Amino acid sequence: MSIPFSLQRNPRLSTWIRFEGDRLIVYTGKVELGQGIKTAVASIAAFELNFPISRIDVVSGNTESGPEEGITAGSMSIETTGAAIRQASAEVRAHLLDRAADRLEADPSALVVKDGLIHNPGTNNSLSFDEILSGGQIDVEATGNPKPRPSDASDTLGTSETPRTARIDLPYKVTGGKAFIQDLQFPHMKHGRVVRGPSINHYPDQTSDLKESLANIVRDGNFIGVIADREDAVRAARQHLNDTISWQLDASHETPNGSDWLRDTDTRLLVVDGTPGDEPIPDVPACNFSATYRKPWHMHGSLSPSAAIAIWQDDHLTVYSHAQGPSLLRDALANALSLNGNQVTVIHTENAGCYGHNGADDAAMDAAKLALHVPGSHILLKWEREDEHRYEPYSPGTLIDVAANIENGRVRYWSADIYSQTHSGRPFGMQGASNLVAAWEQEEAIPRPIPQPGRGNHSGIHRNADPLYQFEDRRIVKHLNRDQRIRTSSTRGLGAFANVFAIESAIDELARLDEIDPVTFRLAHLEDPRAVAVLQRCRALASDYAPRHQDGHHPGRGFAFAQYKNRQTYAALCVFLDVDDETLEVSLEHAIIVADAGRVVDPDGLRNQLEGGFIQSASWSLKESVSFNRYGTTSVDWDSYPILRFSEIPTVNVQLIEDPTSPSLGAGEALHGPTPAAIANAIADATGIRVREVPLNTDSIRRAGLVDHTAR
Amino acid sequence: MTQLELIINQTSVTLDVDPATSLLDVLRNEVGLASPRFGCGKEQCGACCVKIDNKLVYACTHSMAEAAGQSITTVEGLGTPENPHPLQQAVMDLNAGQCGFCLSGILVTASKLLDENPAPSRSDVMTALDDHLCRCGAHNRIIDAILRAADKR
Ligand code: FES
Ligand code: FES
């Protein structure tokens, strides 16, 4: 029997499942990011142990208790922690049955588990889990022997028809409960803020006189923070410091202009079957199609600025943080603050959705630095809105040169050169370098690491760069520009957004060149039956949809497809939109999503994730682009960085094709790639104009229209 | 510091605060309410929305001086976990949220909408919510939840 990876790493069953009175506690190292992971793991344990979900509590992301599971990212949580909790619960169930068998005078196989009781139908006697364990825990290692319940058991969670599993976090989130990190309160807690310049590349003029402030100023090298008992006082102090300090920027750290500079690099690797390697890179032969696709820098743009609470007491640092990897953050903090790992505890506490590596880790470090100055006091440190917009690491701008040869309706040759920056700027316990902003600023400064090209399968720039299509010959090259004057890191989907945008736009262009229906053209290049099934179903649903017609608007319809990382969820998408004849404004009308995410644990949660991913990516695709001048970003709030609004939201139809024989696949990022392509393809359908640059808006349509016009 | 009175969710409280402090800081830090949220501090996201009498205000920029003596409704005043408002119930029924950070302000705005227009259309709801941002893409479920609450009232 095989033991799931996370359970191998944390084999004690009591690390995952514990009993307290009539309640069951499930521990996971994965953290709640708004994706509903707590509800999903509670459902899995409830199903395996036939236990009422209302009596399950979930503890997540605490470096002192529960399993260590690294980072919560890449749509992997349900595959890793879900599989471990499923197996651990199955083993716990077997132990409970064994222990009950004697006392209930029956063979374990004759006993029935229901609602936290083990029942002997022969004698009608029952024992509760609590009575069986009498306060103890199942403190043994996993063997991999007991099998989880088959997914087609009569009360399976997983058919698309079953009622939704109610989210366990929503009741308190909608009634004013203490739901987020800013709501935590500790006696005598103080407030903290940091003061930084227009960009992370600026440093304060050393002669600035900071003394005349009401608040307690913490200065360590270029790091400047303030502490006060009251929030209004700390804000006023920050304002005062902002007005007082003059900020310096070395010419070599000015923000580069445009995005063509991304091409300026020699770091390049050939990607074969999704994995970069050192094979020689072949030249591109003469091709009958070539095009360049562009994606700008995007922001995570959490609705709440980052925050953290820290306290330094008895030589121990405790930090409450919404970072995605509590154990990685612990190691990074220890390293940056010259502490031992066992002097730091990180406790995950929710904030608004983060969508990747945002300011969370930096805020935790900022809070820790302030806490070290006032031992014994909790510091609630908050970034302001413009801090989050300015200093969070962005999703990198990307250029993709595609070349292809098409002959008799078949793509014979495919080449893609992808130019971008790193997607992996996360902090962890590295030696001699740090990815925390305050570590670069402090007197004992620790330098930023030089980005290295990721070599994992579908790991960063090259995520989804390798088309799933059967092309006879292909050449995929990733080019990493190591420049970090614009700070970049992981955002949902990593390279998949840009790569699928390029692939699925180009496929559409190629099909139209050959006057073949774009879906038929895709199907002709696909062998995987699950890929074929989602596309066919999407096409059928699209042909049943009757788009609205508005005078003065051109309607358009566009398709796109991808299998996330070429191994997770299959997703086909069709977007209906219209484009205003006069203004060229794009309005989304309707979207059809068909997804196969393997075995479905929580169909409603899955739909929520798929639709949310589509809407978020539609916002990136239509509206978003971080703007810069030489001093850094000029996108400092929601007016200067607009996102999709309620009045712009299309209706969405999500259909699931379940494959109960396949493991549950992560789906939170399955739609981020297909979305920009489906929209660009629909714009081309509506206007005849091919836009190869995100954001797909009036400006880029106009620019593309001019080019098309001149070409004709 | 000045003694100022507020009527919060129908209970009168007297507070010793600086009249220049924002209503949001007072509600969160002095009164101890968690539901009004800070998202931007600039009237750009709607996370902090509360009702004063029957008007929506951005608590992040509304000063205590302006709010003094008035009657304020927050999400805590709509309903409780045991006895939720139809809007809160509908959000739970439909799992209408992901992280849920945007929901407080949206629920306040939606309650005003339903008071004035008990049977809104989908586009009425979209228009009413247009000053609220949601970054998770939960928009459609939120719209559906508001329509469902209107149906059930
Ligand atoms: S916090 Fe008040 S509108 Fe954003
Ligand atoms: S649910 Fe996360 S911002 Fe709306």
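Remember, predicted model here, so these are calculated numbers, not experimental data.

Attention now goes to the packing of aromatic side chains. Residues and elements named next belong to chain A. Tallied over the entire structure, the rule returns 14 aromatic pairs over all chains. Aromatic pair Phe 186 and Tyr 320: ring centres 5.3 Å apart, planes at 40 degrees, arrangement tilted. Of this pair, Phe 186 sits in the loop between helix H6 (170-173) and strand S7 (190-194) while Tyr 320 sits in strand S16 (residues 316-321), placing them 134 residues apart in sequence. Phe 186 sits in the partly exposed class, given a relative accessible area of 23%.

This next bit is on the sheet that holds S16(A). All names here are of chain A. Here 7 strands make up an open sheet; going across it, the order is S9-S10-S7-S18-S15-S16-S17 and the pairing mixed. Here the strands that pair on one side only, and so sit at the sheet edges, are strand S9 (216-220) and strand S17 (344-348). For this sheet, the mean inter-axis angle between neighbouring strands, taken without regard to orientation, is 25 degrees. Taken strand by strand, helix H9 (residues 360-373) contacts S7, S9, strand S10 (223-228), strand S15 (307-313), S16 and strand S18 (379-382), and its axis lies near 30 degrees from that of S15.

Let us look at the environment of A:Asp362. All names here are of chain A. By secondary structure assignment, the location of Asp 362 is in helix H9. Its relative accessible area of 1% is what places Asp 362 among the buried residues. As a C-alpha pair, Asp 362 and Ala 307 span 55 residues in sequence and 9.0 Å in three-dimensional space. Polar side-chain contacts of Asp 362 include one of 2.9 Å to the side chain of Arg 487.

Membership of the largest hydrophobic core comes to 87 residues, with the highest contact counts inside it found for A:Trp414, A:Leu577, A:Leu610, A:Phe614 and A:Ile679. Mapped onto the domain boundaries, this core takes at least three residues apiece from domain 3 (256-299 + 397-480) and domain 4 (515-707) of chain A. Beyond its immediate stretch of four places on either side in the chain, A:Leu577 contacts A:His554, A:Pro555, A:Gly556, A:Val586, A:Ser587, A:Leu588, A:Glu589, A:Ile679, A:Ala682, A:Ile683 and A:Ala686. Formed by 54 residues, the second largest nonpolar core is a distinct cluster that contains A:Leu303, A:Tyr394, A:Val626 and B:Leu103.

Residues and elements named next belong to chain B. Annotation of chain B at the domain level lists domain 1 (2-77) and domain 2 (86-152). Centre-to-centre separation of domain 1 and domain 2, based on C-alpha positions: 21 Å. On the domain 2 side, the residues contacting the 17 residues of domain 1 number 14 residues. Here domain 1 packs against domain 2, burying approximately 1300 Å² in sum over the two surfaces, 57% of which is carbon and sulfur. Run the count over domain 1 and domain 2 and you get 1 salt bridge. A salt bridge links Asp 115 to Lys 51; the shortest N-O distance between them is 3.5 Å. Counting the contacts that link domain 1 with domain 2 gives 5 residue pairs in polar contact (both at pLDDT 80 or more). Those elements that provide at least two residues to the side of domain 1 that touches domain 2 are strand S3 (49-52) and strand S4 (55-58). Here the residues of the side of domain 1 that touches domain 2 sort into 8 nonpolar, 6 polar and 3 charged.

Residue and element names in this part refer to chain A. Of the two faces of strand S1 (residues 17-20), the one holding Ile 17 and Phe 19 is buried and the one holding Arg 18 and Glu 20 is not buried anywhere. Examined bridge by bridge, S1 and strand S2 (residues 23-28) share 4 bridges and lie antiparallel to one another. From the neighbouring strand, Arg 18 faces S2, where its bridge partner is Ile 25. Turn length for the S1-S2 hairpin, with the two strands adjacent in sequence and antiparallel, is 2 residues, and the turn residue Gly 21 shows positive phi of about 60 degrees.

Assigned domains within chain A: domain 1 (5-165), domain 2 (190-250 + 300-391), domain 3 (256-299 + 397-480) and domain 4 (515-707). Here the C-alpha centroids of domain 1 of chain A and domain 3 of chain A sit 41 Å apart.

Bringing empty space enclosed by the protein into the picture now. Residues and elements named next belong to chain A. Inspection of every chain in the model, using the stated rule, returns 9 cavities of 30 Å³ or more. By volume, the largest cavity is sized at about 130 Å³. As for the largest cavity, its lining consists of 15 residues, and the residues nearest its centre are Ser 199, Ile 200, Arg 390, Tyr 394 and Arg 485. Looking at the lining of the largest cavity, the elements with two or more residues in it are helix H10 (385-391) and strand S26 (632-633). In the lining of the largest cavity, the residues fall into 6 nonpolar, 5 polar and 4 charged. Taken domain by domain, the makeup of the lining of the largest cavity includes at least three residues from each of domain 2 (190-250 + 300-391) and domain 4 (515-707).

What follows concerns the sheet that holds strand S13 (residues 275-277) of chain A. Residue and element names in this part refer to chain A. On the basis of which strands lie adjacent, the open sheet formed by 6 strands has the order S13-S12-S21-S20-S19-S14 and mixed pairing. With partners counted over all chains shown, the strands left at the sheet margins are S13 and strand S14 (289-295), one partner each. On average, each strand axis in the sheet is inclined to that of its neighbour by 25 degrees, with strand direction left out of account. In this fold helix H12 (residues 496-513) packs onto S14, strand S19 (398-407) and strand S20 (410-420), with an angle of close to 145 degrees to the strand it touches most, S14.

This brings us to the side chain of A:Gln609. Here A:Gln609 shows up in helix H15 (residues 603-623). On the basis of relative accessible area, A:Gln609 is assigned to the buried category, the value being 13%.

Residue and element names in this part refer to chain A. Relative orientation of the contacting elements helix H8 (residues 326-336) and H9 amounts to 45 degrees, with a least axis distance of 11 Å. Taken as axis vectors, H8 and H9 run oblique relative to one another. Where H8 crosses over H9, the handedness of that crossing is right-handed. The residues of H9 that touch H8, namely those facing Leu 329, Leu 333 and Ala 336, are Asp 361, Ala 364 and Met 365. Across the contact of H8 with H9, the residue classes tally to 5 nonpolar, no polar and 1 charged.

Here is what the cut-offs are and how they apply
- Residues numbered from 1 in each chain as written.
- Chains lettered and ligands numbered in written order.
- Predicted model: local features only at pLDDT ≥ 70, side-chain atom pairs only at ≥ 80, totals over all residues.
- Heavy atoms only, no water.
- Phe/Tyr/Trp six-rings, centres within 6.5 Å; stacked < 30°, edge-to-face > 60°.
- Helix = DSSP H or I, 4+ residues; strand = E, 2+ residues; numbered from the N terminus.
- Buried < 20%, exposed > 50% of the residue type's maximum accessible area, 1.4 Å probe, protein only.
- Pairing = 2+ DSSP bridges.
- Axes fitted to C-alpha atoms, helices over the stretch in contact; angles between N-to-C directions.
- Contact = heavy atoms within 4.5 Å.
- Polar contact = N/O pair within 3.5 Å; in protein donor to acceptor, adjacent residues only side chain to side chain.
- Core = buried A, V, L, I, M, F, W, Y, C linked by side-chain atoms within 4.5 Å.
- Domains from an automatic or database assignment.
- Buried area = accessible area lost by both parts, 1.4 Å probe.
- Salt bridge = Lys/Arg side-chain N within 4 Å of Asp/Glu carboxyl O.
- Nonpolar A, V, L, I, M, F, W, Y, C, P; charged D, E, K, R; others polar.
- 1 Å grid on protein atoms, 1.4 Å probe; cavity = no way out; pocket = protein on both sides within 12 Å on 5 of 7 lines; lining within 4 Å.
- Points joined across faces, edges and corners; volume = space filled by probe spheres on them.
- Parallel < 35°, antiparallel > 145°, perpendicular 65-115°, else oblique.
- Left-handed = near helix turned anticlockwise from the far one by under 90°.

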